[in-house]
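# Architecture at a glance
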Amino acid sequence: MGLTGAGKSSFINKYLGENRMEVSHRLRSCTQDVEGTTITLPQDHKKWPNRRLILVDTPGFNDTKQGEFEILRKISVWLASAYENDTKITGLIYLHNIENTRVGGTDILSYDLFRQMCGPNALNRVVMATSHWDTIDLKVGESREDELKTDFWVEALDGGACYKRVRIPQSEKDELKTDLGAKTSNDIEDTVEYILTRQFDAVVTKIQAELVEWDKRVAGTDAGETLTDTLQRRAGYPNYSFDSVMHGDLYLSEAHPDDLIIVVMGLTGAGKSTFINRFCGGQHLKVDHGLRRCTDEISIALLTSPSNHRDWPNHRLVLVDTPGFDDDELGKFSTLQKICSWLGSVECESKNMKMRVPGFVYLHSISQTRMGSSALLSYELARSICGPIGLKRTVMASTQWEVVLYNPSAGPIRERMLQEAWSEALTQGAVYKRINATNPQLATEGVVDYILRKYAVAAQTQNELFGWDKREAERLVKERFRERLGIRLGDSDPQKQDPSKEKEEAGFVNWLRGFFVYKTASPQSVL
């Protein structure tokens, strides 16, 4: 597999030693369908003597004649048919043209779809290969190669895929070039032999299992959903117009009917203000790059959705920047009280104004090497504030991926640990997203768009939201806060805690009880 022009057909022809696959040297794509060609391995093959080898050529996702969904459908149908006919996949090769000066959106989409189709269990049967080395300066190629291996392809390589260089010259004259080492035919043969001699049985790819075992449609597979999301982003997220920034309390006196409120939470330094600034398209909220925290009060960024917004035309979007729960100067009690009190005021104001809280964003910096007690406490408090209904419209996101670019293996490892720590929220309906370093602006827009779209669907069953008992929310917050407070103080036994701390907590819980039972019977609850 690979994009059009990567050399898939030429790769197969060079391995076979004959031109069975049609190769185009023009601008238009040549391979339109999934095509397999069969040879018999030699009798002296060290692992598979006299066995049939089927090499499968596929169209690229940037085909000039077909759309991405049609190509995905063709490849998926072939793989599903092979699986149903008990034809196993021994390995997969993904080709990328090293001549490409940039890794654009189509390159990223093609790689993402390939990875989704393979699934994690098949990655150790994958070779990620670069082609067209014979037409590029060696130093330039090596620079691009390093970037592919340490950034764009890091998930596949960390998951067990192998990397190889492959020269696929277009003429006999090109085959005589030796500045890159081994002869071309050996590059290609070595790549195929690497897969054939691996000590693994044949594998079922993820998309085969989804289509055949789980009876999904192509659009419902992970690859299909990835493609749908990408095509929606290509069409462009709504272009919001920025209005102003104001203090959280001032907003309450100037709130508009039908405002859409998204609350951004997280530890100090997780990038909450930066997240909102990126979405607004400017430095509207203060961001401090020093060691001290910057946000100590609730701040509001106001925007207006366009008239052609598919779900919320001409609505005012309210992005809420909050202090971090680990702010030592404000204190955990004060921070939680600020957020809950503000949300309670929103609820009071919304009685006649129909203001809504579509969802929450919780941010965590991937630069954090451990999930310490502050991070766990912050997560638990945020989860309790969201509640069981709010979690269904919550995005748990990792930020600051640019910090780990020079240590590419660290990011995915920390990401897996993070998702394990957040497993309870994720199983309750929250989703995980990465604010990646390659295009954080687009990722930020995607998070907000996801929440608003999710809320638009949930609004059809609004009674479920209005029926949530705040007394349950009070119990959850109090229970988790007491539990985490005990761990934070080094002793989970409340009887052994410092009496002054216990008194402080009791006062706080009484205040919290008052907030959460406020107008319990009101049918206009926004949470």
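In case you missed it, the structure is sitting above this.
What this report covers is the structure whose coordinates are included nearby. Keep in mind that this is a model prediction, so the values were computed, not measured.

## Things to note about the overall build of the chain
Of the regular secondary structure elements, the chain holds 19 helices and twelve strands. A buried classification covers 48% of the 527 residues belonging to the chain. Pairs at least 24 apart in sequence give 74% of the contacts found in the chain among residues at least 6 apart.

## Some words on the sheet that holds strand β5 (residues 162-165)
Overall, parallel pairing links the three strands, which are arranged β3-β4-β5 in an open sheet. Looking at strand neighbours, the two that pair on one side only are β3 (92-97) and β5, the edges of this open sheet. Neighbour-to-neighbour, the strand axes of this sheet turn through a mean angle of 25 degrees, independent of strand direction. The pairing of strand β4 (residues 126-131) with β5 spans four bridges and is classified as parallel. Across the sheet, residue Thr 130 finds its bridge partner in β5, namely Arg 165. Against the sheet, helix α4 (residues 138-152) engages β3, β4 and β5, with an angle of about 165 degrees to β5.

## Considering the sheet that holds strand β12 (residues 431-434)
With mixed pairing, seven strands are arranged side by side in an open sheet as β6-β8-β9-β7-β10-β11-β12. For this open sheet the edge positions go to β6 (241-247) and β12, each flanked by a neighbour on one side alone. Strand-to-strand twist across the sheet, computed as the mean angle between neighbouring axes with direction ignored, equals 25 degrees. Examined bridge by bridge, strand β7 (residues 260-266) and strand β9 (residues 316-321) share five bridges and lie parallel to one another.

## Observations regarding helix α13 (residues 373-390)
With 18 residues, α13 ought to run about 26 Å at 1.5 Å a step, and its terminal C-alpha atoms sit 24 Å apart, in line with that. Among the 18 residues in α13, 14 count as buried, and that is most of the element.

## So, unusual backbone geometry
One non-glycine residue, Asp 215, adopts positive backbone phi at about 55 degrees. With respect to the helices and strands, Asp 215 occurs in the loop between α8 (206-213) and α9 (222-235). Judged by relative accessible area, which is 67%, Asp 215 ranks as exposed. Positive phi, close to 60 degrees, is recorded for Gln 400, a residue that is not glycine. Inspection of the secondary structure puts Gln 400 in the loop between β11 (394-399) and α14 (410-421).

Conventions and cut-offs
- Once a new chain begins, its residue numbering starts again from 1 and follows that chain's sequence as written.
- Only residues with pLDDT of 70 or above have their local features reported here, since the model is predicted, and side-chain atom pairs are shown and tallied only from 80 upward, although totals for entire chains, interfaces and linings are computed over all residues.
- Only hydrogens and water are set aside; all other atoms, that is, all heavy atoms of the structure, feed into the side-chain values.
- Think of it this way: any DSSP run of H or I at least four residues long counts as a helix, any run of E at least two long counts as a strand, and we number them from the N terminus.
- Burial here depends on accessible area, computed with a 1.4 Å probe over protein chains only, as a share of the maximum for the residue type. Under 20% is buried, over 50% is exposed, and the range in between is partly exposed.
- We call two residues contacting when some pair of their heavy atoms lies within 4.5 Å.
- Between any two strands, at least two bridges found by DSSP are needed for them to pair.
- For helices, the axis comes from a line fit to the C-alpha atoms of the stretch in contact; other axes are also lines fit to C-alpha atoms, and the angle between any two N-to-C directions lies between 0 and 180 degrees.
- One less than the residue count of a helix, multiplied by 1.5 Å, gives the span that helix is expected to have.

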